[in-house]
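# Structural overview for review
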Amino acid sequence: MKKIHIFIFTAISIILILLYTAAGTADIAFLDTFKILAGKLNSSLSGFSNSKEIIILNIRLPRVLLSYISGACLALCGCGYQSVFKNPLSDPFILGVSSGAALGATLSIVLSMPNTFLGLNITALMAFFGAVITVFVVFAIYENSQRNSTSSLLLIGIAIGQFITAVISVLMLLNQDNIKDIYFWTLGSFAAKSWPHLAVVSVYFVIGFCFMMHNSKNLDIMLLGSQEAQYLGQDIYKVRRHILVITSLLAAGVVSVTGIIGFIGLITPHVVRIFTGPMHKKLMVYSVFIGGIFLMTADTIARSALKFELPVGIVTAIFGAPFFIYLIYSSKREVL
Amino acid sequence: MKKIHIFIFTAISIILILLYTAAGTADIAFLDTFKILAGKLNSSLSGFSNSKEIIILNIRLPRVLLSYISGACLALCGCGYQSVFKNPLSDPFILGVSSGAALGATLSIVLSMPNTFLGLNITALMAFFGAVITVFVVFAIYENSQRNSTSSLLLIGIAIGQFITAVISVLMLLNQDNIKDIYFWTLGSFAAKSWPHLAVVSVYFVIGFCFMMHNSKNLDIMLLGSQEAQYLGQDIYKVRRHILVITSLLAAGVVSVTGIIGFIGLITPHVVRIFTGPMHKKLMVYSVFIGGIFLMTADTIARSALKFELPVGIVTAIFGAPFFIYLIYSSKREVL
Amino acid sequence: SNTASSNAAANTAYPLSITDDLGNNVSIDAKPARIVSTSPAVTEILFALGLDDEIVGVSSSCDYPDAAKSKPVLFDYSGPNVESIIQADPDIILSDVAYGIPADTQLLLEKSGIKIVLMTYTSVEDVLDNITLIGKITDKNKEAAALVSQMRSDIGKIADKAEKQEPKSVFINIGGYYTPGADTFINDLIKTLGANNIAQGLGSGWIMIPTEKLIEDDPDVYIDLSAVNSGDLPADKIISNLSAIKNNKYYSYSYSSNETSVISRPGPRLTQALQLLYDDIYGK
Amino acid sequence: MNCVELSNVCCRVDGKDILNDISFAIPSGSMWAIIGPNGAGKSTLIKILTSIIKPTSGEVKINGVNINNLSRLDIAKNIAVVPDNFNTNFDFTVFDIVLMSRYSHNRKSYITNADNAAVLEALDKAKISHLKNNLYKTLSSGEKQTVLLARAIAQDSDVILLDEPTSNLDVKNQMEIMHMLKTLNEEKKSVIAVMHDINLAVRFINNFIIIKQGKIINSGNIKTVFNEDILTDLYDINVDIYKDVNSRFLFMQAEKIK
Amino acid sequence: MNCVELSNVCCRVDGKDILNDISFAIPSGSMWAIIGPNGAGKSTLIKILTSIIKPTSGEVKINGVNINNLSRLDIAKNIAVVPDNFNTNFDFTVFDIVLMSRYSHNRKSYITNADNAAVLEALDKAKISHLKNNLYKTLSSGEKQTVLLARAIAQDSDVILLDEPTSNLDVKNQMEIMHMLKTLNEEKKSVIAVMHDINLAVRFINNFIIIKQGKIINSGNIKTVFNEDILTDLYDINVDIYKDVNSRFLFMQAEKIK
Ligand SMILES: Nc1ncnc2c1ncn2[C@@H]1O[C@H](COP(=O)(O)OP(=O)(O)OP(=O)(O)O)[C@@H](O)[C@H]1O
Ligand SMILES: Nc1ncnc2c1ncn2[C@@H]1O[C@H](COP(=O)(O)OP(=O)(O)OP(=O)(O)O)[C@@H](O)[C@H]1O
Ligand SMILES: [Mg+2]
Ligand SMILES: [Mg+2]
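Residues numbered from 1 in each chain as written. Chains lettered and ligands numbered in written order. Predicted model: local features only at pLDDT ≥ 70, side-chain atom pairs only at ≥ 80, totals over all residues. Heavy atoms only, no water.

This next bit is on the overall build of chain A. A tally of helices and strands in chain A yields 14 helices and two strands. For 336 residues, the compact-globule estimate of 2.2 N^0.38 gives 20 Å, and chain A sits close to it at 20 Å. In terms of overall dimensions, chain A has a C-alpha envelope of 60 × 55 × 35 Å along the principal axes. Looking at chain A as a whole, 61% of its 336 residues are labelled buried. Here the contacts in chain A between residues at least 6 apart in sequence split such that 76% fall between residues at least 24 apart. For chain A, the computed accessible surface area is about 12000 Å², with 69% contributed by carbon and sulfur atoms. Between the mean site of the 22 positive side-chain charges and the mean site of the 13 negative ones, chain A shows a separation of 8 Å. (Helix = DSSP H or I, 4+ residues; strand = E, 2+ residues; numbered from the N terminus. Rg over C-alpha atoms; globule rule 2.2 N^0.38 Å. Buried < 20%, exposed > 50% of the residue type's maximum accessible area, 1.4 Å probe, protein only. Contact = heavy atoms within 4.5 Å. Areas by Shrake-Rupley, 256 points an atom, 1.4 Å probe, with all protein chains shown as cover. Lys, Arg positive; Asp, Glu negative; His and termini not counted. Charge placed at Lys NZ, Arg CZ, Asp CG, Glu CD.)

D:S43, D:T44, E:S140, E:S141 and E:E143 are the nearest of the 19 residues found near ligand 1. Site remark: ligand 1 is flanked by residues from chains D and E. Contact between ligand 1 and D:E164: an oxygen atom at 3.3 Å from a side-chain N or O atom of the residue. Here ligand 1, which alone exposes 660 Å², has 90% of that area covered by the protein. At the level of secondary structure, the elements contributing two or more residues to the shell around ligand 1 comprise β2 (16–27) and α1 (42–49) of chain D together with α5 (141–155) of chain E. (Near = heavy atom within 4 Å. Polar contact = N/O pair within 3.5 Å; in protein donor to acceptor, adjacent residues only side chain to side chain.)

With respect to the element layout, C:R152 can be found in helix α5 (residues 141–163). Ignoring sequence-local partners within four residues, the contact set of C:R152 consists of C:E125 and C:L128.

Residue and element names in this part refer to chain D. The buried count for strand β9 (residues 207–212) comes to six of six residues, which makes it a mostly enclosed element. Here strand β3 (residues 31–35) runs beside β9; their pairing, made up of four bridges, is parallel. Residue pairing in the sheet places I34 in a bridge with I209 of β9. For β9 and strand β10 (residues 215–221), the ladder comprises six bridges, and the chain directions are antiparallel. Looking at the pairing, F208 lines up with G220 of β10. What sits between the antiparallel neighbours β9 and β10 is a turn of two residues, in which Q213 has the positive phi angle 45 degrees. (Pairing = 2+ DSSP bridges.)

What follows covers the confidence of the model for chain A. For chain A, mean pLDDT is 87; residues scoring 70 or higher make up 94% of the total. Predicted confidence in chain A is weakest over strand β1 (residues 116–117) of chain A, with a mean pLDDT of 69, and strongest over helix α13 (residues 280–304) of chain A, with 94. (pLDDT = per-residue confidence, 0-100.)

Moving on, we come to the relation of the copies chain A and chain B. Expressed as a screw operation, the relation of chain A to chain B combines 0.0 Å of axial shift with a rotation of 180 degrees, fitting to an RMSD of 0.3 Å. Taken together, these values place the two copies in the relation of a two-fold axis. Residue by residue, 100% of the interface of chain A is reproduced at the interface of chain B, so both copies engage with the same surface. (Least-squares fit on C-alpha atoms with pLDDT ≥ 70 in both.)

Moving on: the site of ligand 2. Residues in contact with ligand 2 amount to 19 residues; listed here are only the nearest, D:S140, D:S141, D:E143, E:S43 and E:T44. E:D14 has a polar side-chain atom sitting 3.1 Å from a nitrogen atom of ligand 2. Here an oxygen atom of ligand 2 sits 2.9 Å away from a polar atom, N or O, in the side chain of E:H196. Taking 640 Å² as the accessible area of ligand 2 by itself, protein coverage stands at 91%. Only α5 (141–155) of chain D together with β2 (16–27) and α1 (42–49) of chain E provide two or more residues apiece to the shell around ligand 2.

Right, let's get into the pattern of salt bridges. Applying the stated criterion across every chain, the model contains 37 salt bridges over all chains. Among the salt bridges present, the one from A:R63 reaches A:E309, with a minimum N-O distance of 2.9 Å. Residue A:R63 is found in helix α3 (residues 51–85), and its partner A:E309 is found in the loop between α13 and α14 (312–330); the two are separated by 246 residues along the sequence. As far as burial versus exposure is concerned, A:R63 and A:E309 are alike and both buried. Taking the shortest distance from any N to any O, the salt bridge between C:E125 and C:R152 comes out at 2.8 Å. A residue pair is termed long-range when its members are at least 10 positions apart, and C:E125 in helix α4 (residues 124–137) and C:R152 in helix α5 qualify at 27 residues. (Salt bridge = Lys/Arg side-chain N within 4 Å of Asp/Glu carboxyl O.)

Attention now goes to the interface of chain A and chain B. In this complex, chain A contributes 50 residues to the contact, which on the side of chain B involves 50 residues. In this assembly, chain A packs against chain B so that about 4200 Å² is buried in total across both faces, 74% of it on carbon and sulfur atoms. The largest per-residue losses of area from chain A upon contact with chain B belong to A:L89, A:R147 and A:L155, which jointly make up 17% of the total buried on that side. Counting across the interface, chain A meets chain B through two residue pairs in polar contact (both at pLDDT 80 or more). Counting residues per element, the ones that place at least two in the side of chain A that touches chain B are α5 (122–144), α6 (150–174), α12 (264–276) and α14 of chain A. (Buried area = accessible area lost by both parts, 1.4 Å probe.)

On to the sheet that holds strand β11 (residues 196–197) of chain C. Residues and elements named next belong to chain C. Here we have four strands laid out as an open sheet, ordered β11-β9-β13-β14, and parallel in their pairing. Every interior strand has two partners, whereas the edge strands, β11 and β14 (250–254), have only one. Looking at chain direction, strand β13 (residues 221–227) and β14 are connected through four bridges and run parallel. Across the sheet, residue D224 finds its bridge partner in β14, namely S252.

Looking now at helix α4 (residues 113–125) of chain D. Residues and elements named next belong to chain D. Between its first and last C-alpha atoms α4 spans 18 Å; for 13 residues at 1.5 Å apiece the expected length is 18 Å, and the two agree. When we look at burial in α4, the residues that qualify are D115, A118, V119, A122 and L123. Viewed end-on, α4 has its buried residues packed into an arc of 130 degrees, placing them on one side of the element. α4 presents N113 and D124 as exposed residues on the side facing more than 90 degrees away from its buried surface. At the C-terminal side of α4, K127 shows a positive phi close to 60 degrees. (Expected span 1.5 Å × (residues − 1). Arc of directions from axis to C-beta.)

Shown next, in the form of structure tokens:
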């Protein structure tokens with residue numbers, strides 16, 4: 001992992017962030033974007049003087065950044081899950097994070113909770129707790145069963161996830177007035193996200209990234225299988241639990257803010273692994289870059305390609321899937 | 001696999017089929033059901049004299065049977081996929097069958113095709129072709145790539161599936177009037193299904209079951225891994241392709257008639273494997289029974305528990321997931 | 001269904017404070033000059049009140065009247081385009097639950113000084129109330145009152161005619177055998193016509209009817225709003241024995257047909273919907 | 001008739017020559033050992049003989065037929081393999097594992113009495129009948145190796161190819177297995193075994209192929225191929241060879257490293 | 001001081017007694033071989049010594065501390081293991097594999113120069129520096145075994161526990177590895193190796209633990225434990241023991257099966 005590569009990826013990221021901030025449906029000249037951005041740097045404007053400034057500084061910029069950080073988080077979670085489960089199909093939502101979050105959000109909508117609680121968006125808060133509680137339930141069941149294999153954990157996660165999804169469907173059936181709200185929530189989107197959301201997700205990211213980098217060696221060892229890992233001094237059950245808890249919290253954090261955004265957490269680590277191989281330090285650093293750039297690009301297309309917004313998940317899959325297949329097609333290294 | 005067990009499961013199945021035929025929202029006395037069924041056996045009524053007879057003989061009975069056969073098919077597909085991929089998360093739709101079918105159905109709706117074509121329901125027909133073409137595309141990409149691992153095939157399947165799902169979303173976006181229809185189609189349901197549907201799915205089942213039983217030894221050997229399987233005389237690439245093609249066709253056949261019904265194909269083989277171990281003859285026979293009984297029970301609950309119908313997928317997950325978790329909890333044998 | 005009812009015909013006094021159907025308190029400081037509608041029904045009401053010029057944005061489903069189609073589309077089934085809405089700089093957004101606004105978007109828009117009023121409807125009366133409310137918010141009280149009284153008289157006429165007919169049982173399929181149950185706008189339309197929606201007793205909201213219930217009740221009239229092409233016969237053979245079909249009382253309209261949008265839109269055209277249903281149920 | 005015949009076989013993987021111009025022929029019904037240092041290419045050779053790997057160039061014949069014209073099933077009917085190690089996570093019993101070798105004989109979807117009998121006989125021959133219902137994955141390394149041997153016996157093919165079949169066996173089992181191979185050979189099976197334990201090999205096997213760095217450096221009868229020079233050359237190590245009164249090779253012992 | 005001490009250890013799995021009342025103590029800095037027939041419980045013993053399996057009863061002490069009071073990390077710092085076989089499907093290089101043994105020394109998230117140096121040195125000692133960048137999964141069985149040994153060296157713990165470390169090695173590499181173990185032992189490491197090749201073991205190792213059917217039937221110095229009776233008894237096979245002029249055990253050869 002050469003320093004120069006990290007520098008290049010950082011530079012590309014910054015350039016893209018600026019370019020993407022200049023893109024959008026609102027009628028703002030390309031150069032105006034940069035003038036507004038530069039103006040913000042020079043003076044310390046307290047309010048925004050006009051709608052262009054609001055759009056650039058309060059809507060586009062935080063949204064671009066948020067999509068970047070979210071992509072990075074999801075890719076990082078994907079790395080963690082795929083290594084712990086040694087299963088190429090694991091994505092950040094496999095232990096029920098997404099359905100748990102959706103249940104939390106649904107409850108907040110169905111129970112008509114107030115919009116905010118202690119200044120926090122109540123839906124996001126409930127989604128976060130829903131996700132966290134779900135993962136803990138999955139874990140509790142797993143650890144109290146007589147099973148060691150990660151397959152059992154995966155399947156418990158899937159079963160609980162499906163169960164919760166069914167419960168949500170029942171809630172939707174019983175509260176049809178709110179169907180649209182629940183549907184919007186689960187769709188996953190960066191629309192109308194601004195600085196507070198970015199702040200929250202950034203905090204999750206920094207904690208998650210530091211933790212995962214700190215555990216990169218543990219993740220390497222974990223791939224050797226439980227017996228070897230123990231020979232090399234790893235308390236696999238503890239490490240596995242820690243990593244899954246942190247990645248689940250990270251996924252829950254992202255999901256609670258942005259809704260469910262699939263594909264990126266599953267595919268990014270596979271794409272990166274083709275180039276870096278299995279050692280995690282490299283794998284995770286590049287996954288963060290690639291995941292961030294990918295999701296940010298997808299969201300920019302989603303919000304500016306047509307007059308109306310496309311769901312970001314559609315764009316991710318439409319562009320991501322062919323790209324991924326091309327990579328599988330053209331490279332020789334096996335995926336996982 | 002003792003004959004007596006097969007006899008017991010067959011007997012339970014028949015008893016349940018009869019009992020479930022007696023259940024429903026329409027106001028028909030318990031005993032009347034059996035009188036009507038017996039009457040049909042004795043005389044060869046050409047038409048149905050009243051709505052009770054129609055309900056029992058033309059609505060409930062074929063629907064009960066159809067849900068049984070569909071459950072059996074999906075469980076069988078699940079066995080096939082899980083063994084070929086040696087991945088506990090594989091379900092019958094993992095290679096894109098469900099999204100392909102949904103795309104076919106969507107096209108038939110969006111393009112306003114006529115209801116029937118040569119006497120066949122055009123949506124079902126298009127769904128079938130959509131599923132089949134998708135699986136063939138997935139295969140073509142896989143076999144033309146330089147890859148051998150089944151993980152790559154799985155990931156190609158997932159990527160293509162997500163891509164198609166995104167395409168469907170775009171089609172829905174462009175044809176917003178039809179959204180509901182497409183949505184209802186994907187939900188999966190046995191509502192309004194009758195003898196012709198049963199006939200079609202039964203044919204698929206018989207062919208699929210015979211093929212899979214004929215290949216039960218091949219599936220056993222396949223679990224040993226590609227090198228061992230080859231030592232034992234198996235042309236793994238051919239066998240793998242055959243099994244995946246047949247299971248995919250079977251899944252496509254079921255999906256095209258009933259829409260997408262999840263969970264059962266994933267969970268049933270795991271449940272059965274806890275009791276039978278990995279040898280496929282036993283595994284598949286019992287999966288067929290358990291899958292059939294399970295889905296039939298779920299659908300009976302779905303259509304008769306409340307005054308209105310519940311989506312069968314909800315019932316499957318609400319009852320199936322806790323049961324599965326209980327089994328994982330209480331038994332010691334590892335799953336896959 | 002909402003709290004703005006008194007003094008229907010007078011001029012609105014701003015600031016106006018209302019509680020919308022979802023319980024949000026909205027205070028409107030001045031007569032809105034720029035209005036965005038995210039719901040086709042609301043759009044129809046706005047045009048009916050003569051607010052053509054005030055409308056600065058609609059949703060992609062707003063296709064009536066024709067003038068609506070030339071308004072900027074700021075909302076679509078995957079949600080609102082925040083950036084474009086802010087650029088359109090509306091004073092108020094009017095919507096109904098079927099076209100709701102995601103919570104985050106609502107917060108952001110409200111922070112940018114845009115008012116949002118959401119309406120619900122489960123009956124004909126609710127729709128009339130919504131018209132009155134919109135009239136009040138936009139200071140079109142007189143126009144709204146006139147429209148409502150015209151509609152009331154049209155509704156009354158059709159209801160009177162229907163009263164003289166033999167009551168009929170009706171089933172409406174909105175797709176996949178889902179049907180409007182109790183507490184739905186369409187159910188209320190049928191009730192107004194003195195007919196009996198067979199799904200009424202099964203539950204409220206959109207529900208799926210058990211096939212055997214359909215056979216058992218054997219409705220006199222079957223209206224399908226989910227046909228691929230208007231006029232199609234039912235795709236499922238199993239229901240072709242229903243008397244409605246045998247007696248030519250089966251009507252199918254495609255999703256995109258005018259009939260479907262008239263019947264399912266809780267706006268000023270509900271009188272047309274009643275007429276249409278009347279014709280289908282009792283004959284022309 | 002040669003049961004196995006290689007002509008000018010080369011094998012190149014990822015730019016590395018693993019086998020280089022290998023040619024030999026093994027007459028049906030004979031018993032051979034392949035010896036050579038670690039990484040010489042012995043296991044690769046076994047994979048080429050069973051078409052798991054295709055040679056980069058050269059020709060492989062099984063019982064006179066080019067291997068490319070044989071289906072997997074044909075190959076398995078002709079050659080049974082005892083791999084150097086095999087593990088599985090699935091809950092297969094020892095019986096299941098051995099039974100699977102019968103699938104090349106009986107392509108029907110059911111198991112015949114003949115299959116069952118053959119499996120039980122093979123387990124009996126390998127003296128592991130008591131492990132019949134144990135899960136394969138719980139066995140000790142030596143037990144696993146013995147099961148794989150039983151599997152090869154049940155497969156009942158003309159040629160048995162073994163990759164270090166005694167590496168994890170105790171002294172007694174080594175003798176048992178070698179005796180069994182000898183018996184199989186007397187029953188007209190061809191036996192080809194990759195072995196590191198030369199002292200064991202020479203007691204049972206007369207014909208040797210000696211490979212070093214992907215090339216055959218010598219092959220033929222034990223008398224002609226085994227002398228101190230060749231062994232010293234092969235392993236780059238001084239060896240002492242002890243002979244019996246008839247000057248027959250008795251055993252070798254590596255001495256100090258050069 | 002004993003580096004490893006077992007008192008009355010029993011191990012029962014699925015209703016089968018695998019180890020039965022095992023007690024022994026190994027003084028720090030000594031070199032021991034564990035021998036016994038297949039399925040005797042040797043590998044199980046290794047797993048108990050590293051707490052992979054918990055004994056059903058009895059006590060295990062590492063350097064005087066009860067193993068239950070030691071964390072995994074403590075155990076790894078005290079004991080390095082060379083397992084009997086290890087495979088991975090992941091694309092780890094030989095360097096990666098050996099490097100991972102350093103993680104018990106350096107818990108920081110980055111790799112230090114000391115780590116790199118230790119890995120290179122271990123590869124050098126095991127004479128596999130040329131394989132450094134090869135993928136582990138492509139190695140031959142002997143090469144893999146050597147890499148695992150290099151890994152144990154880089155782990156740099158007091159005790160090295162080896163499960164059949166020479167089973168897949170050629171004659172020369174067997175000698176090299178045994179010499180290396182001897183050297184490590186001279187550098188004050190304790191070495192405990194499960195071995196089937198008694199002739200090799202006796203040339204390098206003086207202390208033996210002999211296990212049969214989960215019980216220790218003899219242990220101690222080579223002079224006291226090795227005689228024809230014990231070996232005959234151990235394997236149920238007649239053995240000839242050859243001794244040198246000083247009546248020192250030279251080698252044994254299994255004769256005809258009883
Ligand atoms: N893909 C590859 N890339 C590089 N080298 C490879 C590859 N595959 C195999 N090799 C090398 O080919 C050589 C031969 O391997 P093989 O397994 O045939 O040896 P062997 O004679 O069986 O050795 P052993 O006695 O240790 O089992 C080894 O040195 C191995 O590292
Ligand atoms: N779960 C289990 N159920 C039944 N028997 C078991 C189980 N696990 C291990 N065994 C048995 O315990 C015995 C000891 O196994 P272990 O691997 O310790 O033997 P070993 O001495 O290392 O033999 P080898 O020399 O062949 O490697 C074997 O006979 C094995 O079959
Ligand atoms: Mg080898
Ligand atoms: Mg062992």
